[in-house]
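Observations on the model geometry
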Amino acid sequence: MQLCRYVPFSRFCEMVFNKEITLVSPNKWNDKCENYILQLIKSKQGKSELKQALLSHNVIAEKCVDELIEFIELICTTTHCLCFSMSVDEEVMWNAYNYAQQTIMWITSDNKLLSLNPNYELRLVKYDLDNTKFDVFLNLFGNQNNKPLITNSHNLFLHKRSFFAYENECRLIDTSMDNKGYDIQTKTIPCIRDFIEGVMVHPLANREFVKMVKNMCDHFELRFLGKSHIYDFQNFFEV
């Protein structure tokens, strides 16, 4: 399955020159609604509200609630993610990620991403956070042998507001405890030429920018797909 990212030119250069991808802690996400459980437990009042919610829904025994909240906090602060889109060369994505018309869309595959690290997992994002809110997390919590248990921790990071449904997102996730204490995690790409399946530039990019990106791709032996033709009208009058 092809997956892509729409990034500013500087971010693309960092990946290619350093030959690495960068996963980011949810602490650094722009949309705080995505990980509002983490935002909630950052304060004493928030922890109290979460505790009462868990108790009122009979999620777990009272004596285990504090331990469960600590476990949730640990997961939220050690997990790192990187977002990819299944919307390859889509107008709405070029519009949403318009970095002065110098956006780079680079393409890879699910298999190539998963081959970078045995801890990596790819999961589809659900755009249902508007309606479900806290209820979406209730089925994560339980207990086993009187100990807190989270049945699917990935769900803590896979819900977004419906406004972002156009992103058609697939999220690369690493829950390794080795990430604790770090905002970012980098992973070396063994062969950048094989990892990147194609490079395309913004449909409104100027000629000089297109030429520069092509020269860069030629240098690193990357497949250059040219400028997006999403706004071309040569077939406008065809029936």
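This section reports on the structure supplied with the text. (Residues numbered from 1 in each chain as written. Predicted model: local features only at pLDDT ≥ 70, side-chain atom pairs only at ≥ 80, totals over all residues. Heavy atoms only, no water.)

1. Observations regarding the overall build of the protein chain
- Each helix and strand counted, the protein chain has 10 helices and 11 strands in total.
- With 239 residues in all, the protein chain has 45% of them scored as buried.
- Long-range pairs, those at least 24 residues apart, make up 81% of the contacts in the protein chain between residues at least 6 apart in sequence.
- A total accessible area of about 12,800 Å² is found for the protein chain, and carbon and sulfur atoms account for 49% of it. (Helix = DSSP H or I, 4+ residues; strand = E, 2+ residues; numbered from the N terminus. Buried < 20%, exposed > 50% of the residue type's maximum accessible area, 1.4 Å probe, protein only. Contact = heavy atoms within 4.5 Å. Areas by Shrake-Rupley, 256 points an atom, 1.4 Å probe, with all protein chains shown as cover.)

2. Some thoughts on the environment of C4
- In this fold, C4 is placed in strand β1 (residues 2–8).
- Take C4: its relative accessible area is 1%, and that puts it in the buried class.

3. Considerations on the layout of surface pockets
- Counted as a void, the largest pocket has a volume near 960 Å³.
- Lining the largest pocket are 34 residues; nearest its centre among them are R5, R11, L82, C83 and Y97.
- Mapped onto the lining of the largest pocket, the elements with two or more residues apiece are β1, α1 (9–18), β2 (20–24), β3 (80–85) and β8 (169–174).
- Grouping the constituent residues of the lining of the largest pocket by class yields 19 nonpolar, 4 polar and 11 charged. (1 Å grid on protein atoms, 1.4 Å probe; cavity = no way out; pocket = protein on both sides within 12 Å on 5 of 7 lines; lining within 4 Å. Points joined across faces, edges and corners; volume = space filled by probe spheres on them. Nonpolar A, V, L, I, M, F, W, Y, C, P; charged D, E, K, R; others polar.)

4. A closer look at the nonpolar core
- If you look at the biggest cluster of nonpolar residues, it comprises 33 residues, and the most contacted ones within it are F12, M15, I21, I104, L172, I196 and L222.
- At 6 residues, the largest contribution of residues to this core is made by helix α10 (residues 207–220).
- Sequence-distant contacts of L222, that is, excluding residues within four places in its chain, are made with F12, V16, I192, R193, I196, V199 and C217. (Core = buried A, V, L, I, M, F, W, Y, C linked by side-chain atoms within 4.5 Å.)

5. Here we look at the packing of helix α3 (residues 44–56) against helix α4 (residues 62–78)
- Here α3 crosses α4 at 125 degrees, and the two axes come no closer than 10 Å. Considering their axes alone, α3 and α4 lie oblique with respect to each other. Two packed elements cross with a definite hand, and for α3 against α4 that hand is right-handed. Contacts between α3 and α4 involve K47, L50, K51, L54 and L55 on the former and, on the latter, E62, V65, D66, L68, I69 and E73.
- The residue inventory of the contact of α3 with α4, partitioned by class, reads 6 nonpolar, no polar and 5 charged. (Axes fitted to C-alpha atoms, helices over the stretch in contact; angles between N-to-C directions. Parallel < 35°, antiparallel > 145°, perpendicular 65-115°, else oblique. Left-handed = near helix turned anticlockwise from the far one by under 90°.)

6. A closer look at α1
- Considered for burial, the residues of α1 that qualify are F9, F12, C13, M15 and V16. Buried residues of α1, viewed axially, fall in a sector of 165 degrees; they line one side.
- Looking at the packing, one finds that the buried side of α1 touches β1, β2, β4 (103–109), α9 (192–195), β10 (198–201) and α10.
- Among the residues trailing α1, K19 stands out with phi positive, at a value near 55 degrees. (Arc of directions from axis to C-beta.)

7. Re α3
- Along its 13 residues, α3 runs 18 Å from first to last C-alpha, staying within 8% of the 18 Å computed at 1.5 Å per residue.
- Buried residues of α3: G46, L50, A53 and L54, and no others. The arc enclosing the buried residues of α3, seen along the axis, measures out at 100 degrees, which places them on a common side. Counted as exposed and oriented over 90 degrees from the buried face of α3: K44, Q45 and S56. (Expected span 1.5 Å × (residues − 1).)

8. So, the packing of α1 against α10
- The contact between α1 and α10 brings their axes to 12 Å, and the two run at 10 degrees. Comparing the axis directions of α1 and α10 gives the class roughly parallel. Judged by residue contacts, F9, F12, C13, V16 and F17 of α1 engage F209, M212, V213, M216 and F220 from α10.
- Grouping the constituent residues of the contact of α1 with α10 by class yields 10 nonpolar, no polar and no charged.

9. Side note on the side chain of S85
- As for its position among the elements, S85 is in strand β3.
- A residue is classified by how much of its surface remains accessible, and S85, at 4% relative accessible area, is buried.
- Reaching out from S85, the side chain makes a polar contact with the backbone oxygen of E167 at a distance of 2.7 Å.
- The contact partners of S85, leaving out residues within four places of it in the chain, are L3, C4, M93, E167, N168 and E169. (Polar contact = N/O pair within 3.5 Å; in protein donor to acceptor, adjacent residues only side chain to side chain.)

10. Re the pattern of salt bridges
- In total, this model carries 11 salt bridges according to the counting rule given.
- For K51, the salt bridge goes to D66, with nearest N and O atoms at 3.5 Å. Separated by 15 residues along the polypeptide, K51 in helix α3 and D66 in helix α4 bring together distant segments of the chain.
- Given a relative accessible area of 22%, K51 falls into the partly exposed group.
- Here R123 ties to E121 by a salt bridge, and the two come within 2.6 Å at their closest N and O atoms.
- Using a relative accessible area of 26% as the deciding quantity, one classes R123 as partly exposed.
- The partly exposed category is assigned to E121, whose relative accessible area is 29%. (Salt bridge = Lys/Arg side-chain N within 4 Å of Asp/Glu carboxyl O.)

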